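Commentary on secondary and tertiary structure
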Amino acid sequence: MFTTTAYETLFDAKTWKEPLHIIGVGGIGSHAARIAGKERFPVIHLHDGDVVEEKNMYNQWFDDDSDIGLSKAEVVAKKVSQWTVAHAHPTYVEGHRKLSGVVCLCTGNTDPLPTIVESCVWDNPDVSLLLDARMDAEYVFLQVLDPRIEAHRKRWYRNWYPHSETENRTAGCGGGATAVGITASLAADLMVAQVIRYAAIRQGYKDTLDNHIEFFLRPLRIVTKQW
Amino acid sequence: MEEVAVSNDDPDYRRTRVQFAQLCARIAPPEEYDERYHQALSEYDEFCEKPLVAAVSIGEENMEFVFGTKTVYLTGHDNVRREIGEFMCAVGCSGYMVENISVAIDGESGYAHPHAFQGGQFCMQRGSNQLRVALHNGRLAEAACLILDALETYGPGTPYCSIDKWPVAKE
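Residues numbered from 1 in each chain as written. Chains lettered and ligands numbered in written order. Predicted model: local features only at pLDDT ≥ 70, side-chain atom pairs only at ≥ 80, totals over all residues. Heavy atoms only, no water.

1. A short note on the interface of chain B and chain A
Condition: A contact between two residues is defined here by any heavy atoms of the two lying within 4.5 Å. Defined in terms of a 1.4 Å probe, buried area is the accessible area two parts forfeit on being brought together, summed over both. Salt-bridge detection follows one rule: a side-chain nitrogen of Lys or Arg within 4 Å of a carboxyl oxygen of Asp or Glu. Throughout this description, a polar contact denotes any pair of N or O atoms lying within 3.5 Å of each other; where both atoms belong to protein, one of them has to be capable of donating a hydrogen while the other can accept it, and for residues adjacent in sequence the pair is counted only when both atoms sit in side chains. In this text, helices come from DSSP runs of H or I with a minimum length of four residues, and strands from runs of E with a minimum of two, each type numbered from the N-terminal end.
In this assembly, 26 residues from chain B lie in contact with 29 residues from chain A. When the two sides are added together, the surface that chain B and chain A hide from each other amounts to roughly 2400 Å², 44% of it contributed by carbon and sulfur. Counting every contact that joins chain B to chain A gives four salt bridges. Here Glu31 of chain B makes a salt bridge to Arg155 of chain A, at a shortest N to O gap of 2.7 Å. Where chain B meets chain A, there are 12 residue pairs in polar contact (both at pLDDT 80 or more). Among the elements that take part in the side of chain B that touches chain A, helix α3 (residues 128-136) of chain B stands out by supplying six residues, more than any other.

Laid out in structure tokens, this is it:
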């Protein structure tokens, strides 16, 4: 379906009340915070226990050497605060944490994800939408779930794999870069765009979310599925 | 491995093609069985036409796709072309495996490739998440293509084992 609806009519930040929680403020998460902040999402929570390293300048939304050594969540929250309300939670989500609204998983490391969804999302009626984004240098995988639907949860587990299956097997075998700034920003754009679609649906716009989105940069193609 | 000729005139080829599609469909989410089955048939044909592919079969009680390669050559930073070897690879719902069947460096538990241990898995240069998503969704030809791509890739910066250990190509 094609639409000529003006973009700004899809998402009314003035009436949208649900908070946005971004778990993992690295390659995808830092850019997602930037994009959501510029879209004036009313409240953005940033969760990450990591600190900024020099290597992060390449693909994450940090551009000042003076940020090195500081909390990623705090640095990004400060930058996002120029557009909207942003709260930094400078610790890893390792168990129950009070989440609500829309939750975006952007951790890179997939190992903590089952604990996060099982302790903070699945049985939490306050979370209405869950997004999970992963990426390679030329590939983005995004899942968009209604956490209250059992079939969606099953699909999420089907697509989960431990981090050890994607990381380097032995220290010293680095290979190529796995996180590229362009791809990270693209993944973040795709993710926030789905949140805007969701918000538009909640505000009465006729649309159906895609639950499984894969974006391949070479050759260029996109695959979507609705569960 | 029961090797099957990579030719669509061969009855064995057609039998393995159907087995491959069935395997992909079984791994895929149940509601996508039919769609995956039909897509896998054409993906199988495309995969078998890859120049590097030498043989294909369905192994381990029909739960994994096994493929053999022609000789892989790689060129290192010294511009010397080296013979890395012929490979036997398997992909399935439980993962994947690569084994060098012609040139093993440092013995049976050594290196299959500058970026892979013998009988093990790659330090993927790229596509590690794509590979896992493909495996979990029954897209075995896509996973196999990523492995072929990895076999023909050498990252000189930080390999498990330097390419210098492999013999210089004779041709």
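Moving on from the model shown.
2. Quick look at the packing of aromatic side chains
Put simply, the rule is: Stacked, tilted and edge-to-face pairs are distinguished by plane angle, under 30 degrees for stacked and over 60 for edge-to-face with tilted covering the rest, among Phe, Tyr and Trp rings (Trp via its six-membered ring) whose centres lie within 6.5 Å. Exposed residues in this analysis have more than 50% of their type's maximum accessible area, buried residues have under 20%, and partly exposed residues fall in between, with area computed by a 1.4 Å probe over protein chains only.
Scanning all chains against the criterion turns up 14 aromatic pairs over all chains. Between Trp61 of chain A and Trp83 of chain A the ring centres are 6.0 Å apart and the planes differ by 15°, which places this aromatic pair in the stacked class. Placement of Trp61 of chain A in the loop between β2 (43-47) and α3 (72-80) and of Trp83 of chain A in the loop between α3 and β3 (85-89) is noted, with a sequence separation of 22 residues between them. Side by side, Trp61 of chain A and Trp83 of chain A carry an identical accessibility label, which is buried. Aromatic ring contacts, followed pair by pair, group Tyr13, Phe20, Tyr44, Phe47, Phe65 and Phe67 of chain B into a single cluster.

3. A few points about the pattern of salt bridges
Within the structure shown, the criterion is met by 18 salt bridges over all chains. Two residues, Arg17 of chain B and Asp45 of chain B, come together in a salt bridge whose shortest N-O distance is 2.9 Å. Pair noted here: Arg17 of chain B is in helix α1 (residues 11-27) and Asp45 of chain B is in helix α2 (residues 33-48), with a separation of 28 residues, a long-range link. Through salt bridges with shared partners, a single ionic network connects Arg155 and Lys225 of chain A together with Glu31 and Glu32 of chain B.

4. With respect to the UniProt feature "domain: THIF-type NAD/FAD binding fold" (unreviewed entry) in chain A
What counts here: UniProt positions are given in the numbering used here, feature names are shortened, and annotations may be inferred rather than shown by experiment.
The UniProt feature table records "domain: THIF-type NAD/FAD binding fold" (unreviewed entry) at residues 21-84 of chain A. Between the first and last C-alpha atoms of residues 21-84 of chain A the distance is 14 Å; the span itself is 33% helix and 12% strand.

5. Remarks on the pairing of β3 of chain A
Residue and element names in this part refer to chain A. For clarity, the cut-off: The rule for pairing is simple: two strands pair if DSSP sees at least two bridges between them. With the strands aimed away from the viewer, a crossover counts as right-handed if its path from the first strand over the helix to the second runs clockwise.
Taken together, the five bridges between β2 and β3 define a ladder with parallel strand orientation. If you follow Ile44 over to β3, its bridge partner there is Ala86. You can see the chain leave β2, run along α3 and come back into β3, and the turn it takes is right-handed.

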